[in-house]
Amino acid sequence: MAYSDKLLDHFKNPRNVGTLNKSEKSVGTGLVGAPECGDVMRLQIQVAEDGTIQDAKFKTFGCGSAIASSSLATEWLKGKSIDEALSIDNMDIVEELALPPVKIHCSVLAEDAIKSAIKDYQEKNGLEVTAQLKEH
Amino acid sequence: MSNKLIYLDNNATTPVDPRVVDAMLPFFYQKPGNAASRNHPFGWAAEEAVDYAREQIAGLINVDPREIIFTSGATEADNLGLKGVFEMYARKGNHIITAKTEHKAVLDACKKIEKLGGQVTYLDVEADGRVSLEKLEAAITDKTILVSIMWANNETGVIQPMKEIGDLCAKHGILFMSDATQAVGKIPVDPKATGVHLMAFTAHKMYGPKGVGCLFVNRKNPRVKVTAQMDGGGHERGMRSGTLNVPGIVGFGKAAELAKAEMEKDTAHVRQLRDKLEKAFVDNVEEVYINGSIEHRMPNVTNISFKHVEGEGLMMTFNQNIAVSSGSACTSASLEPSYVLIALGLGDDLAHSSIRFSLGRFTTEEEVDFAIDAVTKGVNHMRDLSPIWEMYKEGVDLESIEWSAH
């Protein structure tokens, strides 16, 4: 299976790898997937007082496409408002990384991770939860 | 080293030994005959070459050359053996016993046989990958006509207790077949001394060409017959029609001759390198698990799980330079991880984390050293990225987390 240069770049030089302090109120954490399925993504966002996402970090257990999808997601999240972040669709990731059909689930997982991190942030801060995970 | 290409996937296929290529070349142009052309020198030369190859192959496994039926490969030989026995011995019974860790060529042929009215028992294996003789004997019924157990497993290299199974089959008067694709040419394989009546193997796992294999069919005590699955000119004693692949068969023969002459040397070579590779990971990398029996195992294979690292992702860190295989689902179109490793009782997570290294005659020490370094770096890189490795290091019980299966 030949991967796109963009995917390989994100895989080899993943952006924003790391861990934010999940006990902080400004941090939202999403943990999706399962070890038995071969994919686990943890994506975290740090939200500034004005509501923009000022930092995003990830760690992923998974194949190259899963790692690249989550790396790309963190890159896209930075500087976005919550509403803008919620509009990221998995097909945007598929397109950007030219994911092959058997790897589309990796992009779905990345979208879930984003929404799950936002939901955690909203719940923590007593905000209305606008993040809705896709049914799959 | 960035342009270096290291092949550690010899269980998938082996490179063709240049001496085999040399033996084959004349049979493409200078000697183009059809081995079935009995009336001119072109045909005679081809027939003579095929006969010689048959002797070379028979010599490797200590059988009569007339007991070798050429096919297009081991998959066809497995199909011919299983379906051919099922049809030929229909009057005696319809029950076949095999194991869950068999190659798909055997499992899928058995599935077909079930559709045709056969009954098949798929034995569980023990944690070391070996068949339990007690479970095997318990599965035998008065309708059992065949037991089919592979000699050595393609994913783990685990070698089955062949002689004991052979004795058990003899005691019950049941035919014993083996897919010996991964064993022949690499370790001593003697079907007659083992009690094996039918045996499938192929050239391209022993430094011969792809597209040619054979089925050994015992001729005496007992005389075994299989119903042809390919109809046509009645080649190969009526058991497999089709013009013989003369250059392929010549190469198969040469590969068998070389394997026999060099087996001791080849075995010592791959064993030393395999042990070095394996020891390096066990000694220097945390949470490494070797899958399958260590004692009863092919000398050229190691199947290792690097916990909390996903196999395909790991392979991507070094696959520009090193070719290996993974039991991870992500290497295939299906989403299930290796059924062989699952049958050994591995959790899905460890099965997803497995890498198979299979060495060969042409593997060098320098290549193994390079692989040790690259794979170790890859594992460390992937663990730096892995949230479950981080949780494991923090002492989080991963079993206690409610994962969102997808």
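Model, not experiment: these values are computed from the prediction. (Residues numbered from 1 in each chain as written. Chains lettered and ligands numbered in written order. Predicted model: local features only at pLDDT ≥ 70, side-chain atom pairs only at ≥ 80, totals over all residues. Heavy atoms only, no water.)

**Thoughts on the side chain of N303(B)**
Residue and element names in this part refer to chain B. Going by this rule: Comment: elements are numbered from the N terminus, with helices defined as DSSP H or I runs of at least four residues and strands as E runs of at least two. The rule is simple: take the accessible area with a 1.4 Å probe, protein chains only, and divide by the maximum for that residue type; under 20% is buried, over 50% is exposed, in between is partly exposed. Identification of polar contacts relies on pairs of N or O atoms within 3.5 Å, with a donor-acceptor requirement for protein atoms, meaning one able to donate a hydrogen and the other able to accept it, and with residues adjacent in sequence counted only if both atoms are side-chain atoms. Note on contacts: a residue pair qualifies if any of its non-hydrogen atoms lie within 4.5 Å across the two residues.
For N303, the position within the fold is in strand β10 (residues 301-306). The buried category is assigned to N303, whose relative accessible area is 2%. Side-chain polar atoms of N303 contact the backbone oxygen of E155, separated by 2.9 Å. N303 has contacts with E155, T156, Y289, I290, N291, L341, S354, I355 and R356, leaving out every residue within four places of it along the chain.

**Quick notes on the sheet that holds strand β13 (residues 354-358) of chain B**
All names here are of chain B. Which entries qualify depends on this criterion: Here, a strand pair is defined by DSSP locating no fewer than two bridges between the strands. Axis geometry follows a simple rule: fit a line to the C-alpha atoms, using only the stretch in contact for helices, then measure angles between N-to-C directions, giving values from 0 to 180 degrees.
If you walk across this open sheet you meet the 4 strands as β9-β10-β13-β12, and the pairing is antiparallel. If you trace the sheet from one side to the other, it starts and ends with β9 (288-290) and β12 (325-326), each paired once. The pairing of β12 with β13 spans 2 bridges and is antiparallel. Each residue of the ladder has a partner; that of S325, found in β13, is R356. In the packing of helix α8 (residues 246-284) onto the sheet, contacts are made with β9, β10 and β13, and the angle to β10 comes to roughly 15°.

**Description of empty space enclosed by the protein**
All names here are of chain B. Under the convention used in this document: Residues are called lining when one of their atoms sits within 4 Å of a cavity or pocket point, these points coming from a 1 Å grid over the protein atoms alone, where a cavity is a set in which a 1.4 Å probe fits but cannot get out and a pocket is an open set with protein on both sides within 12 Å along at least five of seven lines. Grid points are joined across faces, edges and corners, and a volume is the space filled by probe spheres set on the points. Following the grouping adopted for this structure description, the nonpolar residues are Ala, Val, Leu, Ile, Met, Phe, Trp, Tyr, Cys and Pro, the charged ones are Asp, Glu, Lys and Arg, and the polar ones are all others, Gly among them.
All told, the structure shown has 2 cavities of 30 Å³ or more when counted by the stated rule. The computed volume of the largest cavity comes to approximately 90 Å³. What lines the largest cavity is G185, K186, Y207, D266, T267, V270, P299, N300, L359, G360 and R361. When grouped by side-chain class, the residues that make up the lining of the largest cavity number 4 nonpolar, 4 polar and 3 charged.

**Section: the side chain of E262(B)**
Residues and elements named next belong to chain B. Mapped onto the elements of the fold, E262 is located in helix α8. E262 sits in the buried class, given a relative accessible area of 13%. Sequence-distant contacts of E262, that is, excluding residues within four places in its chain, are made with R19 and R361.

**Notes on the pattern of salt bridges**
Residue and element names in this part refer to chain B. Note the following rule: In what follows, salt bridge is the name for a side-chain nitrogen of Lys or Arg lying within 4 Å of a carboxyl oxygen of Asp or Glu.
Within the structure shown, the criterion is met by 33 salt bridges over all chains. Between K163 and D167 there is a salt bridge, and its shortest N-O distance comes to 2.8 Å. Taken together, the positions of K163 and D167, both in helix α6 (residues 162-172) and 4 residues apart, correspond to about one turn of that helix. The exposure class assigned to D167 is partly exposed, which follows from its relative accessible area of 42%. Close ionic contact of D369 with K276 constitutes a salt bridge, the shortest N to O distance being 2.8 Å. Of this pair, D369 sits in helix α12 (residues 365-385) while K276 sits in helix α8, and the two are 93 residues apart along the sequence. In the salt-bridge network here, residues are joined through shared partners; they are D17, R19, E262, D266 and R361.

**Overview of the pairing of strand β4 (residues 119-123) of chain B**
Residue and element names in this part refer to chain B. Note the following rule: A right-handed crossover is one whose linking path, passing over the helix from the first strand to the second, runs clockwise when the strands point away from the viewer.
Sheet analysis places strand β3 (residues 95-99) next to β4, joined by 5 bridges and oriented parallel. Following the sheet pairing, T98 is matched in β4 by Y122. At this point the chain moves from β3, through helix α4 (residues 104-115), to the parallel β4, and the crossover so formed is right-handed.

**Concerning the packing of aromatic side chains**
Residues and elements named next belong to chain B. The test is simple: Note on aromatic contacts: the rings of Phe and Tyr and the six-membered ring of Trp form a pair at centre separations within 6.5 Å, being stacked when their planes are under 30 degrees apart, edge-to-face when over 60 apart, and tilted otherwise.
Within this structure, the stated rule accounts for 6 aromatic pairs over all chains. Where F281 meets F306, the ring centres are 5.4 Å apart and the plane angle is 85°; that geometry is what we call edge-to-face. Of the two residues, F281 sits in helix α8 while F306 sits in strand β10, which places them 25 residues apart along the sequence. The buried category is assigned to F281, whose relative accessible area is 0%. Note on F306: relative accessible area 0%, which makes it buried. Where W389 meets Y392, the ring centres are 5.2 Å apart and the plane angle is 35°; that geometry is what we call tilted. Separated by 3 residues within a single helix, W389 and Y392 lie in helix α13 (residues 387-393), roughly one turn from each other. Here Y392 falls in the partly exposed class, since its relative accessible area comes to 29%.

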